[in-house]
Amino acid sequence: MSTDNENAGSSSVAATQSEERPALPPRPSPAARNESNTAGMEGPNLQSKPTTAISSMNIQTLSFPDGSRGTFSSTTNDNAGDTDRSSASASVGMAGLGFNPVGNDIDESMSVMSIAPTLRPPGDLESLLIGDMSKKSPAWELLRSQSATVQPFESIRADEDTALADFAREFDDIPDESEKNWSDDDRVRLWKFKLKHFMILSSAGKPIYSRHGDLGLINSSMGVVQTIISFYEGAKNPLLGFTAGNTRFVITTEGPLYFVAISRLGESDSQLRAQLDALYMQILSTLTLPTLTNIFANRPSTDLRKPLQGTETLLSSLADSFTRGSPSALLGALECLRLRKSHRHAINNAFLRTRTEKLLYGLIVAGGKLVSVIRPRRHSLHPSDLQLIFNMLFESGGVKAGGGENWIPLCLPAFNNRGYLYMYVSFLDAEPESERDLSTSSEEIAIILISPDKESFFALQQMRDDVVAELKKKGHLDLIKTAAQQGRPKMNDIAPGSHISHFLFKSRANVQFCMPSLLPGFSNLISHRKLMSLYHDLHSTLHAKHTHVKVLHCVGEESTSLAWITPIFEFYCVAGPNASRALMTQGANKIILWAKREEERLFIIGGGVF
């Protein structure tokens, strides 16, 4: 009976609660929903502000008339509304002093640069963390311009512990056995100290030539080299090169001769191989290929030093030009004397009017730079043959020492390696060796006439007299002398305002190149070698097998460099270590436009043809 009463009481309570449940709130209107979404997008009214300080504060920087600065701060109130009002009042007050307040920093995801609370002052007081980063102050622009003018390799010092520290002594002769004050160990130590060696030996192991040291000193070393090469040849796997430490060995085999280059200057294998090929061409220019082949066919152990006696200076001057760094050898191109097109055309015409029937090639050369050339219509001189001629006339000094006229039998291997041509050479205004000023050697003018007829000396001599008379009559000889004395143009004349310090520009169609003066930045032997080493690195990268690089920009501690190769030209340039890529590109474009504009002055296009 009691249980039924409890159940009845529980049912009445539940019925009472269901009857007293409040009604659902009314649906919000569309306008109210839009206001609610807008408030959600704005985010809550936070009392804390994003800041880089330990406590939120307003930091203000003032500049006084005497040049001093002051920084003032005021801690924010706990009330966010007071903070907003104080910030607004501070902005109004600072605007009257010429300051622009920082924009509102509501969004907590803003960067430090965007929300830095420092007020933005005008001019040089602009905060480094605020504002348009592309807009630099005058002080910043001045600092940037000064850093960009730092020249390449300025940090080089003679006392630095580098591979080139003693490069000035690279070309000093090693004492021979007749000097009793030097022991064999000391002489071998000096020989090992050299940065670059060229050696030539026969397949029988007979030494032929070494740039450093007499053959008696390095005879054992040549024997080791010959043994290594023969071992690989016996295995039908010819040895092309190997590396020992920081030294690179490159070997070339030409018939019965082995050519070896040993270098610590960082050249690539292809570059060293091209230098060895030039030494081989120098030997062929003396002996011709059939003569060389017959010598070793009859007696494989023949000592080739006797047939080559007297040509050691030619080999050494060629090797030294490679060690110093030769742009002509690197690019495989010739450098021409800069002349007006009309002047060069008149010189060519004077050459053609006085030409003898026995002439094959006619050249005028000033200081190692080609001035004019006349040739048969279907023949042209290869740059490697001209480099041999220029090395003989302007580098070795043997021909210049005689002065006046010279008659030289010569083989030009790229033209015909099986026979001799005969070269008549006349230095204009030649002086005896004792009276010749070595400082004017780069201004010497030579007329070179080449004939296949060994009996044509007097005919070529008469032609030389006629050419000189014609050039003097028209005043063209003085023009050549003036252009030779002026030398190469300076960078400021080529691209004013450019930060580029030096460049090489090669016209691939004409196989010729041009470059500015080496003075004053690269007249030093060490800085010149550093410059050429940089050009060698750029050249080897662009010309590496299977490479597809057309533009190369390199940044180093001592320099910044740029290389650019197209089907029309090759371009290499160097600037200081702080030069930007934009400055390098701008300077390169200026130089290339200059080369295109001056093309007919810088290069011989076609020459005189008969």
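Remember, predicted model here, so these are calculated numbers, not experimental data.

Analysis parameters
- Residues numbered from 1 in each chain as written.
- Predicted model: local features only at pLDDT ≥ 70, side-chain atom pairs only at ≥ 80, totals over all residues.
- Heavy atoms only, no water.
- Helix = DSSP H or I, 4+ residues; strand = E, 2+ residues; numbered from the N terminus.
- Buried < 20%, exposed > 50% of the residue type's maximum accessible area, 1.4 Å probe, protein only.
- Contact = heavy atoms within 4.5 Å.
- Areas by Shrake-Rupley, 256 points an atom, 1.4 Å probe, with all protein chains shown as cover.
- Phe/Tyr/Trp six-rings, centres within 6.5 Å; stacked < 30°, edge-to-face > 60°.
- Core = buried A, V, L, I, M, F, W, Y, C linked by side-chain atoms within 4.5 Å.
- Pairing = 2+ DSSP bridges.
- Axes fitted to C-alpha atoms, helices over the stretch in contact; angles between N-to-C directions.
- Patch = residues over 30% accessible without salt bridge, like charges linked within 9 Å, V, L, I, M, F, W, Y side chains within 5 Å.
- Salt bridge = Lys/Arg side-chain N within 4 Å of Asp/Glu carboxyl O.
- pLDDT = per-residue confidence, 0-100.
- Left-handed = near helix turned anticlockwise from the far one by under 90°.
- Nonpolar A, V, L, I, M, F, W, Y, C, P; charged D, E, K, R; others polar.
- Parallel < 35°, antiparallel > 145°, perpendicular 65-115°, else oblique.
- Disulfide = S-S within 2.5 Å.
- Expected span 1.5 Å × (residues − 1).
- Arc of directions from axis to C-beta.
- Polar contact = N/O pair within 3.5 Å; in protein donor to acceptor, adjacent residues only side chain to side chain.

**So, the overall build of the chain**
And then number 1: Counting secondary structure elements, the chain contains 20 helices and 19 strands.
And then number 2: When each of the 610 residues of the chain is scored for burial, the buried share is 41%.
And then number 3: Taking the intrachain contacts of the chain between residues at least 6 apart in sequence as the baseline, contacts between residues at least 24 apart amount to 63%.
And then number 4: By element, 52% of the accessible surface of the chain is carried by carbon and sulfur atoms, the whole surface being about 33,300 Å².

**Notes on the packing of aromatic side chains**
And then number 1: Per the counting criterion, the structure on display carries 17 aromatic pairs.
And then number 2: Ring centres of tryptophan 407 and tyrosine 422 lie 6.1 Å apart, and the angle between their planes is 15°; this geometry places the pair in the stacked category. With a gap of 15 residues between them, tryptophan 407 in strand β11 (residues 405-410) and tyrosine 422 in strand β12 (residues 421-427) connect regions that are remote in the sequence.
And then number 3: Under the relative-accessibility criterion, tryptophan 407 is labelled partly exposed at 27%.
And then number 4: Here tryptophan 564 and phenylalanine 569 contribute two aromatic rings whose centre-to-centre distance is 5.4 Å and whose plane-to-plane angle is 80°, an arrangement assigned as edge-to-face.
And then number 5: For tryptophan 564, a relative accessible area of 27% puts it in the partly exposed group.
And then number 6: Three or more aromatic residues joined by ring pairs form one cluster here, namely Trp407, Tyr422, Tyr424, Phe457 and Phe458.

**Observations concerning the nonpolar core**
And then number 1: Counting residues in each nonpolar core, the largest one holds 28 residues, and the members touching the most others are Leu370, Ile389, Leu393 and Met423.
And then number 2: Put simply, the parts of the chain that give this core at least two residues each are β9 (361-366), β10 (369-375), α13 (383-395), β11, β12 and β13 (445-451).
And then number 3: Ile200, Ala261, Leu272 and Leu308 belong to the second-largest nonpolar core, a separate cluster that totals 25 residues.

**Some details on the sheet that holds strand β4 (residues 207-210)**
And then number 1: The sheet built from five strands is open, its strands ordered β4-β3-β7-β6-β5 with antiparallel pairing. The two strands at the open ends of the sheet, each matched to only one other strand, are β4 and β5 (241-244). Between one strand axis and the next, the sheet turns by 15° as a mean value, whatever way the strands run.

**Things to note about the environment of lysine 530**
And then number 1: Tracing the backbone through its elements, the reader meets lysine 530 in helix α18 (residues 525-542).
And then number 2: The spatial distance from the C-alpha of lysine 530 to the C-alpha of glycine 325 is 9.0 Å, given a sequence separation of 205 residues.

**Side note on a nonpolar patch on the surface**
And then number 1: Together, Val224, Ile228, Phe231 and Tyr232 make up a nonpolar patch on the protein surface, roughly 380 Å² of accessible area in all.
And then number 2: Examined against the element boundaries, phenylalanine 231 turns out to sit in helix α7 (residues 219-234).
And then number 3: When its relative accessible area of 60% is taken as the criterion, phenylalanine 231 is described as exposed.

**Re the confidence of the model for the chain**
And then number 1: Put simply, the chain has an average pLDDT of 79, and 71% of its residues get 70 or more.
And then number 2: The low-confidence segment residues 38-43 (pLDDT under 50) makes zero contacts with residues lying over four places distant or belonging to another chain.
And then number 3: Within the model, pLDDT remains below 50 along residues 74-133, and this stretch shows 70 contacts once partners closer than five positions in the same chain are excluded.

**Remarks on the pairing of β4**
And then number 1: Bridging between strand β3 (residues 196-202) and β4 involves three bridges; their strand directions are antiparallel. Bridge assignment links leucine 201 to a residue of β4, and that residue is proline 207.

**Quick notes on the packing of helix α12 (residues 341-353) against helix α15 (residues 457-474)**
And then number 1: As a packed pair, α12 and α15 sit with axes 9 Å apart at the nearest point and diverge in direction by 145°. Here α12 and α15 pass one another in a crossing that is right-handed. Residues Ile347, Ala350, Phe351 and Arg353 of α12 lie in contact with α15, whose contacting residues are Met463, Val467, Glu470 and Leu471.
And then number 2: In terms of residue class, the contact of α12 with α15 is made up of six nonpolar, no polar and two charged.

**Side note on the side chain of serine 456**
And then number 1: As for its placement among the helices and strands, serine 456 is situated in the loop between β13 and α15.
And then number 2: Residue class for serine 456 comes out buried when judged on its relative accessible area of 0%.

**Some words on the packing of helix α10 (residues 312-324) against α13**
And then number 1: The N-to-C vectors of α10 and α13 enclose an angle of 100°; their axes lie 10 Å apart at closest approach. Of the possible angle classes, the one that applies to α10 and α13 is roughly perpendicular. Touching Leu314, Ser317, Leu318 and Arg324 of α10 are Leu388, Asn391, Met392 and Glu395, all from α13.
And then number 2: Classifying every residue of the contact of α10 with α13 by side-chain character gives four nonpolar, two polar and two charged.

**Section: the state of the cysteines**
And then number 1: Under the defined criterion, the tally for this structure stands at zero disulfides.
And then number 2: A disulfide-free cysteine, cysteine 336 has its sulfur positioned 9.7 Å from the sulfur of cysteine 514, the nearest such atom.
And then number 3: Residue cysteine 336 is classed as buried on the basis of its relative accessible area of 8%.

**Digging into α7**
And then number 1: For α7, with 16 residues, the first-to-last C-alpha span of 22 Å sits near the 22 Å given by 1.5 Å per residue.
And then number 2: Residues Met222, Val225, Gln226 and Ile229 constitute the buried set of α7. In a view along the axis of α7, the buried residues occupy a sector of 100°, so they form one face of it. Facing away from the buried surface of α7 by more than 90 degrees, the exposed residues are Ser220, Thr227, Phe231 and Gly234.
And then number 3: In this structure, the buried side of α7 is in contact with β3, β4, β6 (247-254) and β7 (257-263).
And then number 4: Two residues or fewer past α7, lysine 236 is found with a positive phi of approximately 60°.

**Regarding the pairing of β5**
And then number 1: Bridge count for β5 against β6 is four bridges, and the pairing is antiparallel. Note that in β6 the partner of glycine 241 across the bridge is valine 250.
And then number 2: What sits between β5 and β6 in their antiparallel hairpin is a turn of two residues, with glycine 245 showing a positive phi close to 70°.

**A word on the sheet that holds β12**
And then number 1: In spatial order, the strands read β11-β12-β13-β9-β10-β19; together these six strands make up an open sheet with mixed pairing. What marks the edges here is a single partner per strand, and that holds for β11 and β19 (608-609).
And then number 2: In this sheet, β13 lies alongside β12 in antiparallel orientation, the contact comprising six bridges. Residue pairing for β13: methionine 423 is matched across the bridge by isoleucine 450.
And then number 3: Against the sheet, α15 makes contact with β9, β10, β11, β12 and β13, and its axis sits at roughly 140° relative to β13, the strand it touches most.

**Some words on the environment of glutamine 275**
And then number 1: Tracing the backbone through its elements, the reader meets glutamine 275 in helix α8 (residues 269-287).
And then number 2: Residues glutamine 275 and alanine 261 lie 14 residues apart in sequence; the distance between their C-alpha atoms is 8.5 Å.
And then number 3: Separated by 2.7 Å, the side chains of glutamine 275 and lysine 196 make a polar contact.

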